[in-house]
Amino acid sequence: MELLRNVVVLLHITGFAVTFGAWAAEAAARRFRTTRLMDYGLLLSLLTGLALAAPWPAGIELNYPKIGTKLVILIVIGGLLGMGSVRQKRTGEAVPRAMFASVGILVFIAAGIAVLW
Ligand code: HEM
C-alpha cells in the first residue's frame, strides 16, 4: 500500500512536471500559448491528487488546508487554460501575456505550497 501511494505521488509530480514543462517550453519558444499538454498534465495532477487526498494506507495524517489550497489553485489554473484555449481558437492569437504568465506562476506556487507548507 505504501509503495502504491508512492507511485501515485510520482504520477502526481509527473502531472506537475508535464504542465510546468509545457508552459516553460512555450515561454522559451516565445509562443506564449496555452497547450493541450498543459491540460493533460493538470488533469493528471487533479486525478492523482484526489486519489492521494483519501487517507490511505490507514493511519496516515493529511494536511487538508494545504490540499484544499492546492485544489483551489488547480481549479483557477484549469479556468485559465480553458479560457485560453477558447480564446486562441476564436482569435488565432496567443493568450494575453498576463494570462499566460499567471498559469506558470500559479503552477509554481502550487508546487511551492506542496513542498514548503
Ligand atoms: C498544480 C497543482 C498541484 C501541484 C503542483 C502539486 C504538487 C505536489 C507535490 C510536489 C507533491 C509531493 C510533495 C508532498 O508530498 O507534499 C504533492 C503531494 C500531494 N498532493 Fe499535490 N499538487 C497539486 C494539486 C493537488 C490537488 C488538486 C490535490 C488534491 C485535491 C493534491 C493532493 C496532494 C496530496 C494528498 C499529496 C500527498 C501528501 C502526502 O501524502 O503527504 N495536490 N503535490
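Residues numbered from 1 in each chain as written. Predicted model: local features only at pLDDT ≥ 70, side-chain atom pairs only at ≥ 80, totals over all residues.

**Regarding the site of the ligand**
Among the 20 residues in the neighbourhood of the ligand, the closest are listed as Phe16, Gly49, Leu52, Ala110 and Ala114. For the shell around the ligand, the elements supplying multiple residues, two or more each, are helix 1 (2-28), helix 2 (36-53), helix 3 (64-91) and helix 4 (97-116). A total of 6 residues in the shell around the ligand trace back to one element, the largest contributor, which is helix 2. The residue makeup of the shell around the ligand, split by class, is 16 nonpolar, 3 polar and 1 charged. (Near = placed C-beta within 6 Å. Helix = DSSP H or I, 4+ residues; strand = E, 2+ residues; numbered from the N terminus. Nonpolar A, V, L, I, M, F, W, Y, C, P; charged D, E, K, R; others polar.)

**Thoughts on the UniProt feature "transmembrane region" (unreviewed entry) in the chain**
Under the UniProt annotation, "transmembrane region" (unreviewed entry) lies at residues 6-25, 37-55, 67-86 and 98-116. Structurally, residues 6-25 is divided into 100% helix and 0% strand, and its ends, taken at the C-alpha atoms, are 28 Å apart. Regarding residues 37-55, the helix share stands at 89% and the strand share at 0%, and the terminal C-alpha atoms are separated by 29 Å. (UniProt positions renumbered as here; feature names shortened; annotations may be inferred.)

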